[in-house]
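Spelled out, the chains give:
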Amino acid sequence: MRPTATDVRLAAEALKGTVLHTPLLESTAIGVALKCELLQHTHSFKVRGASIALSAIAVADRARGVVASSAGNHGLGLAWAAGATATPVTVFVPRNASRVKVAGMRAMGAHVVERGDGYDAAHAHAVQYAREHSLPFIDPCSGVPLLAGQGTVAVEVLRDLPGLTTIVIPVGGGGLLTGIGAYLREVAPGVRIVGVQSAHTNAMHAAFAANGPVAVPTPVTLADGLMGQIDAVAYENARFALDELLLVDESSIARAMRWLWETHALRSEGSGAVGLAAVLDGAITTDARTVVVLSGGNVDDERWRAALASGDLP
């Protein structure tokens with residue numbers, strides 16, 4: 001199920017005073033606006049959906065603890081949101097998860113379990129653990145409360161730029177895309193929604209080509225937060241939301257990360273910079289009412305230095 005525009009508005013009201021209304025930065029160098037979710041609490045939009053999803057669970061149920069799977073940012077958002085209610089949080093991450101994200105989760109009190117050689121394996125372990133212990137599982141990419149929380153990004157964008165024509169969104173499992181799409185399709189149906197993935201995190205793009213989800217390889221990538229397979233629900237949500245879905249390569253992502261730092265002193269992770277990469281590649285027709293969502297800024301120092309230097313992964 002997808003949230004309604006009313007669900008998203010209610011989530012935005014609930015988040016007032018909790019999450020930041022992140023800035024919409026006009027980038028005169030390329031003539032678009034940048035929605036700076038990398039300046040959000042935990043440096044990612046994920047805190048929005050995590051906060052709403054957690055609040056939707058009955059107090060007695062969440063007091064026993066909640067479980068999640070994450071490449072890192074969802075776990076960070078959930079750990080941050082849980083701090084206000086002293087909710088125990090267990091997050092399953094892949095063994096190759098970003099060290100800075102893992103450290104951040106643990107610093108906020110989450111119990112982090114490293115399982116599997118990729119996100120999908122960690123997800124399977126998390127679902128099994130939640131089932132065996134009868135604990136609520138908070139999926140990073142589904143559930144009406146979580147998706148409504150993610151959609152609050154669009155509420156802020158329309159308030160700051162009522163004439164929005166195009167929004168460019170990083171796409172992994174489709175949670176941010178679905179939340180934004182659910183809101184805009186109802187209140188601003190003329191807005192063009194463009195999704196962007198890396199060529200190494202192309203599960204959604206492959207599904208569009210095959211008219212349904214297919215298994216894809218998951219090689220090492222700068223866009224680690226977009227890794228993982230997708231299911232039929234994510235695919236249908238993306239079909240509903242998207243006007244266009246593009247791929248960018250690793251060198252383009254590294255270029256976007258460098259450009260953001262050199263132009264605006266913003267430190268972005270690869271996943272957060274894929275939309276900008278497509279703009280810098282000239283793959284998207286833009287105007288002054290185009291918004292590019294910079295979804296996250298958590299990146300390991302070694303990977304950050306490599307991206308700034310050459311784009312080669314360590």
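Further up the page is the structure itself.
**Some thoughts on the overall build of the protein**
Looking only at helices and strands, the protein features 13 helices and nine strands. Within the protein, buried positions represent 58% of all 314 residues. Of the contacts made within the protein by residues no fewer than 6 positions apart, 71% connect residues no fewer than 24 positions apart. Total accessible area on the protein stands at roughly 12,100 Å², and carbon and sulfur atoms take up 53% of it. Averaged over its 24 positive side-chain charges, the protein has a centre that lies 4 Å from the centre of its 28 negative ones.

**Observations regarding the sheet that holds strand β4 (residues 89-93)**
Sheet strands associate in pairs through backbone hydrogen bonding, adopting either a parallel or an antiparallel arrangement. On the basis of which strands lie adjacent, the open sheet formed by three strands has the order β3-β4-β5 and parallel pairing. With partners counted over all chains shown, the strands left at the sheet margins are β3 (66-69) and β5 (111-114), one partner each. Averaged over all pairs of adjacent strands, the angle between their axes in this sheet comes to 20°, without regard to strand direction. The pairing of β3 with β4 spans four bridges and is parallel. Bridged to Ser69 within β4 is Phe92.

**What to know about the packing of helix α9 (residues 203-210) against helix α10 (residues 232-241)**
In contact at an axis separation of 10 Å, α9 and α10 are set at 80° when each is read in the N-to-C sense. Taken together, the axis directions place α9 and α10 in an arrangement best described as roughly perpendicular. Seen from α9, the contacting residues are Met204, Ala207 and Phe208; seen from α10, they are Ala234, Tyr235, Ala238 and Arg239. Grouping the amino acids of the contact of α9 with α10 by side-chain chemistry returns six nonpolar, no polar and one charged.

**Some words on the nonpolar core**
With 43 residues, the main nonpolar core has Leu164, Ile167, Ile169, Leu177, Ile180, Tyr183 and Leu184 as its most contacted residues. A total of six residues in this core trace back to one element, the largest contributor, which is helix α7 (residues 144-160). With residues near it in sequence (within four places) discarded, Ile169 still touches Leu176, Leu177, Ile180, Ile193, Val194, Gly195, Val196 and Val293. Within the second largest apolar cluster, 32 residues are counted, among which are Leu34, Val196, Met257 and Ala273.

**Some points on the sheet that holds strand β6 (residues 166-170)**
Spatially, six strands are ordered β1-β2-β9-β6-β7-β8 in an open sheet, and the strand pairing comes out mixed. Each edge of the open sheet is held by one strand with a lone partner, namely β1 (24-27) and β8 (244-248). Between one strand axis and the next, the sheet turns by 25° as a mean value, whatever way the strands run. Relative to β8, strand β7 (residues 192-198) is paired through five bridges, and the arrangement is parallel. For Val194, the partnering residue across the bridge sits in β8 and is Glu244. Sheet contacts for helix α11 (residues 250-264): β1, β2 (32-36), β7, β8 and β9 (290-294); angle to β1, the most-contacted strand, approximately 95°. Packed onto the sheet, helix α12 (residues 270-280) meets β6, β7, β8 and β9 and runs at close to 150° relative to β9.

The rules behind each value
Residues numbered from 1 in each chain as written. Predicted model: local features only at pLDDT ≥ 70, side-chain atom pairs only at ≥ 80, totals over all residues. Heavy atoms only, no water. Helix = DSSP H or I, 4+ residues; strand = E, 2+ residues; numbered from the N terminus. Buried < 20%, exposed > 50% of the residue type's maximum accessible area, 1.4 Å probe, protein only. Contact = heavy atoms within 4.5 Å. Areas by Shrake-Rupley, 256 points an atom, 1.4 Å probe, with all protein chains shown as cover. Lys, Arg positive; Asp, Glu negative; His and termini not counted. Charge placed at Lys NZ, Arg CZ, Asp CG, Glu CD. Pairing = 2+ DSSP bridges. Axes fitted to C-alpha atoms, helices over the stretch in contact; angles between N-to-C directions. Parallel < 35°, antiparallel > 145°, perpendicular 65-115°, else oblique. Nonpolar A, V, L, I, M, F, W, Y, C, P; charged D, E, K, R; others polar. Core = buried A, V, L, I, M, F, W, Y, C linked by side-chain atoms within 4.5 Å.

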